[in-house]
Structures are given as C-alpha cells and as structure tokens.
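Structure at a glance
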Amino acid sequence: MPVFDPVCPARNSNRANGERHPGVLMYPDGFGIRPVLREMARELAAHGYYVLVPNLFYRHGPAPVIALPEHIGEEARPAVFAQLMPLIEAHTAERVLRDADAYLRFLTTQPEVGAGPVAVTGYCIGGLLAVRTAVAHPDQVAAVAAFHGPVGADGPDSLAKLTAQVHLGHAEGDLTPEALGELNQALDAAGVGYTSEIYPGTIHGFTMSDTDAFNAAALQRHWDRLLPLLDRTLANF
C-alpha cells in the first residue's frame, strides 16, 4: 500500500496484464474509501485505467476512518457527520494541495502507468479537491470531472489557470441558477473545453449506491460523460 505524509493508505485498481495504462486520481466523497468506492474504481480500471483512490483523512487513521453503516441512510447521517465534520474542516486548502502533490507523484511513478498526463475525478467534496488539483497541476492533469461537488466554493477566479478538459455533473439544488451561470462564465473565461450540466431528477450524492441519494440512471449518465472525456484526453498516452 502506498504511503504519504506520513501515512496515507490508498487503493489502486488496474488490469494486471503487464501493460501501461493512463493514470486516474479518484477523490472519494466525504464518507471516504468503502465498498462502493472500491467498486467504482474497479469499474473505471476495467476500461483500461490505473486508478488511485486516496484516504483523504489519513492523518486521523486508516480507512474507514470512522465506522460507517452498510447503508448510509438519513437516520444515520447526523451521527456520521458529527464525526466527519471536524476532519473535513481540518482538511485545509494547504493540506489538499500538499497531498495532491504526493498523490500525483506516486501515481505517475508507478510502472503500470503511462508517461503521459493523468485525469482527476471526484465526488462531493472530492469534486472540489479534483478541481483544485487540476488548477494546481496544469502540466500534468489533462482532464478533470466532478460530480455533485461544491466546485465553485473557491470562487470563479480560482478557475483562471485551469487548462484541463472539464465535465461537471451537478445535482438539482446543488447550485442556484446564478451560481451555475457564474461557474460556467468562469470556465468560458478560462478558455477550456467543458460541459457543466444539472443531472435531472437528482439530489446531492446521486452516484453513491450506499446512500438514499443514489440514482441509478444518473450514475450511468456519469459513466457516459466520464469515460468519453478520459478517452478523448488520455487515449494517446
């Protein structure tokens, strides 16, 4: 298991056929590494990618950092978030970028990973971390995707240095029309190719099959957007 600053267990999934594959850094949602994330990593890896899923809160222990129910229903959320929020609040922007450096350094030096650029994707808070990583590493990150993530939290000016191709999949209610317009205007100003769309009939967390927010059609839409993005940007590497 890889180790980061000073201990950050992560999960990787790749085809064990001796070939080299494009790398993808997959940031989990705030609930962290658990069976649903491992399954999503395996699904992505099956399409020919080496996938690294970091434990965001490794400073507080190995994943799962807190005990999680098999299904994170509404009745369980208050107790879960009472434990998670201090960890999320302690995960400062400085920590995010320092960890991103380590994750990308590990990912790009694996013998199974090709020499070209990588992609970054993320869910919920992981979507924000994915965008921050892409902005901080324009020469390494060719594509970034974020799903039901607070990607506008750093303000529109934070996207000015973005060079990666972008897909943003928002849940209904994640953004006001005004905030969505500002976000899309910032992407226009950055001059990047992007899609930024609200997934119909969804609530926050729609990709996660172990929550009440799960929407199977929206999860499939997520794959239908993510896989072509990766194919366009990473296929030649």
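Look above for the structure.
Residues numbered from 1 in each chain as written. Predicted model: local features only at pLDDT ≥ 70, side-chain atom pairs only at ≥ 80, totals over all residues. Heavy atoms only, no water.

Of regular secondary structure, the protein chain possesses six helices and seven strands. On the principal axes, the C-alpha backbone points of the protein chain span a range of 45 × 40 × 35 Å. A burial count over the protein chain gives 52% of its 237 residues as buried. Within the protein chain, counting contacts between residues at least 6 apart in sequence, those at least 24 apart form 72% of the total. Carbon and sulfur atoms form 54% of the exposed surface of the protein chain, whose accessible area is close to 10300 Å². Positive and negative side-chain charges in the protein chain, numbering 16 and 26 respectively, have mean positions lying 7 Å apart. (Helix = DSSP H or I, 4+ residues; strand = E, 2+ residues; numbered from the N terminus. Buried < 20%, exposed > 50% of the residue type's maximum accessible area, 1.4 Å probe, protein only. Contact = heavy atoms within 4.5 Å. Areas by Shrake-Rupley, 256 points an atom, 1.4 Å probe, with all protein chains shown as cover. Lys, Arg positive; Asp, Glu negative; His and termini not counted. Charge placed at Lys NZ, Arg CZ, Asp CG, Glu CD.)

One finds Leu25, Tyr27, Val144 and Leu162 to be the most contacted residues of the largest nonpolar core, which totals 42 residues. Ignoring anything within four residues of it in the chain, the contact list for Tyr27 reads Pro54, Leu56, Ala100, Tyr103, Val120, Thr121, Gly122, Tyr123, Gly126, Leu129, Ala130 and Thr133. Among the nonpolar cores identified, the runner-up in size contains 30 residues, and Tyr123, Ala142, Met208 and Trp223 belong to it. (Core = buried A, V, L, I, M, F, W, Y, C linked by side-chain atoms within 4.5 Å.)

A word on helix H4 (residues 125-136). For H4, spanning twelve residues, the distance from its first C-alpha to its last is 17 Å, which sits close to the expected 16 Å at 1.5 Å a residue. For H4, every residue scored as buried is listed here: Ile125, Gly126, Gly127, Leu128, Leu129, Ala130, Val131, Arg132, Thr133, Ala134 and Val135. Next to the buried residues of H4 lie strand E2 (23-27), helix H2 (77-90), helix H3 (93-108), strand E4 (118-123) and strand E5 (141-147). (Expected span 1.5 Å × (residues − 1).)

Before going further, it helps to examine the packing of aromatic side chains. For the coordinates displayed, the defined rule picks out five aromatic pairs. Plain terms: the ring middles of Phe147 and Tyr199 are 6.5 Å apart, the flat faces sit at 70 degrees to each other, and that makes the pair edge-to-face. A residue pair is termed long-range when its members are at least 10 positions apart, and Phe147 in strand E5 and Tyr199 in strand E7 (residues 194-199) qualify at 52 residues. Classification of Tyr199 as buried rests on a relative accessible area of 0%. Members of the aromatic cluster, connected to one another through ring pairs, are Tyr123, Phe147, Tyr199 and Phe206. The cationic tip of Arg221 hangs over the ring face of Tyr199; the distance from NZ or CZ to the ring centre is 5.2 Å. (Phe/Tyr/Trp six-rings, centres within 6.5 Å; stacked < 30°, edge-to-face > 60°. Lys NZ or Arg CZ within 6 Å of the ring centre and 35° of its normal.)

Another point: unusual backbone geometry. Looking along the chain, the bond that leaves Ala63 and enters Pro64 is cis, with omega of -5 degrees. By the element assignment, Pro64 lies in the loop between strand E3 (50-54) and H2. The backbone of Cys124 shows a phi angle near 55 degrees, a positive value even though the residue is not glycine. By the secondary structure assignment, Cys124 is in the loop between E4 and H4.

With 14 residues, H2 should reach 20 Å at 1.5 Å per residue; the first-to-last C-alpha distance of 20 Å fits that figure. Along H2, the helix axis deviates most sharply at Leu84, where the bend reaches about 35 degrees; the proline Pro86 sits within four residues downstream. Along H2, the residues classified as buried are Val80, Leu84 and Leu87. (Bend = angle between axes of the 7 residues up to and from the residue.)

Position of Asp210 among the secondary structure elements: in the loop between E7 and helix H6 (216-234). The class for Asp210 is buried, based on a relative accessible area of 10%. In this structure Asp210 touches Arg34, Val36, Glu70, His71 and Ile72, once residues within four positions along its chain are discounted.

Following the sequence through the fold, Arg132 ends up in helix H4. Its relative accessible area of 18% is what places Arg132 among the buried residues. What Arg132 contacts, discounting residues up to four positions off in sequence, is Ala93, Val96, Leu97 and Asp154.

For the pair H3 and H4, the least separation of the axes is 10 Å and the interaxial angle reads 70 degrees. When the axis of H3 is compared with that of H4, the two are roughly perpendicular. Regarding H3 and H4, the two cross each other, and that crossing is right-handed. Along the contact surface, H3 presents Ala93, Val96, Leu97, Ala100 and Leu104, while H4 presents Leu129, Arg132, Thr133 and Ala136. Residues belonging to the contact of H3 with H4 are distributed by class as follows: seven nonpolar, one polar and one charged. (Axes fitted to C-alpha atoms, helices over the stretch in contact; angles between N-to-C directions. Parallel < 35°, antiparallel > 145°, perpendicular 65-115°, else oblique. Left-handed = near helix turned anticlockwise from the far one by under 90°. Nonpolar A, V, L, I, M, F, W, Y, C, P; charged D, E, K, R; others polar.)

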